[in-house]
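Architecture and fold: a report
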Amino acid sequence: MKIGNGEVPEIAVPVTVFRVLRRELEKEVGTLPAVRALHHAGYETGTAAASDLVGHGGRELSDLPSSEFWDRVERSFQRRGWGTLGHEDAHPGVGILRTKDWVEARGDEPDPEGSCSFSTGYLAGLLSELSGRPVAVLEVSCRSRGDDACRFAFGSETVIHELYGRMLDGADLSRALTEL
């Protein structure tokens, strides 16, 4: 829903919303359907959120140097309370977003599967909308699993699918990226 000036209205909710939504969805439909639902909801929300980045700051995002683009994305997440976010080019065609304080990660409730399902979808929707082409996002580490940081790999659907397959076969992120 957009208001008269074209902006998508926002509300603030406690961070516990992620925990409660996931728990309740898992009770109702099971873990995998809950993860999928959160991912899809995140994707739709991310596409709507892209207008905030496009609509502010003067220059078009496509005209910005990479460092300025990522700085704008990082400031947007931090301003909204998601946490600090850093970007690195990990491999041609694969970027990594890294954070040690991401709000969706449940550091107080360990989860061997990770817990950033909404964020993964949100980032995919946001980056797809900003780039004008499909961008896939894969959570490759999560503080909820005991990792030191949450890391999200992103790139084309084909490359991220291949990265995921290599990691399922037992490769760690570094080796999977080298094997691409």
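Structure report, in brief. (Residues numbered from 1 in each chain as written. Predicted model: local features only at pLDDT ≥ 70, side-chain atom pairs only at ≥ 80, totals over all residues. Heavy atoms only, no water.)

Quick notes on the overall build of the chain
Let me state the cut-off plainly: Only runs of H or I of at least four residues qualify as helices and only runs of E of at least two qualify as strands under DSSP, and these elements are numbered from the N terminus. Contact between two residues is taken to exist if any of their heavy atoms lie within 4.5 Å; hydrogens are not considered. All accessible areas in this document rest on Shrake-Rupley with a 1.4 Å probe, and a residue is counted as covered only by the protein chains that are shown.
What the chain contains, in helices and strands, is six helices and four strands. A separation threshold of at least 6 residues defines the contact pool for the chain, and within that pool the share at least 24 residues apart is 52%. Accessible area of the chain: about 9900 Å², with a carbon and sulfur share of 53%.

A few points about the packing of helix α3 (residues 66-79) against helix α4 (residues 117-131)
Stated precisely, the cut-off is as follows: Axis definition: a line fitted to C-alpha atoms, over the contacting stretch in the case of helices. Angles run 0 to 180 degrees between N-to-C directions. Between 65 and 115 degrees an angle is taken as roughly perpendicular, under 35 as roughly parallel, over 145 as roughly antiparallel, and anywhere else as oblique. Helix crossings fall into two classes, left-handed where the near helix is turned counterclockwise from the far one by less than a right angle and right-handed where it is turned clockwise.
One way to put it is that α3 packs onto α4 with a least axis distance of 14 Å and a crossing angle of 140°. Considering the angle they form, α3 stands oblique to α4. Crossing handedness for the pair α3 and α4: right-handed. Judged by residue contacts, F69, W70 and F77 of α3 engage Y122, L123, L126, L127 and L130 from α4.

Here we look at helix α1 (residues 16-29)
Selection rule: A helix is expected to span 1.5 Å multiplied by its residue count minus one. For every residue, the accessible area obtained with a 1.4 Å probe (protein chains only) is divided by the maximum for its type, and the residue is called buried under 20%, exposed over 50%, and partly exposed between those limits. To be clear, the arc concerns the directions from the helix axis to the C-beta atoms.
The end-to-end C-alpha separation of α1 is 20 Å, in line with the 20 Å expected for 14 residues at 1.5 Å each. For α1, the set of buried residues is F18, R19 and R22. Within α1, the buried residues cover an arc of 95° as seen down the axis, which keeps them to one side. Opposite the buried face of α1, at more than 90 degrees from it, the exposed residues are K27 and E28. Taken from the residues just after α1, G30 is the one with a positive phi, measuring 105°.

Section: the pairing of strand β2 (residues 94-99)
As a reminder, the rule being used: Paired strands, as defined in this entry, are two strands with at least two bridges between them according to DSSP.
Within β2, five of the six residues are buried, which leaves the element mostly enclosed by the surrounding structure. Here five bridges tie strand β1 (residues 86-91) to β2, and the two strands are oriented antiparallel to one another. Considered in β2, the bridge of H91 is made with V94. Here β1 folds back onto β2, and the loop between the two strands holds two residues, one of which, G93, carries a positive phi near 90°. Both β2 and strand β4 (residues 150-155) contribute to a ladder of six bridges, which runs antiparallel. In the sheet register, G95 faces β4, and the bridge partner there is F154.

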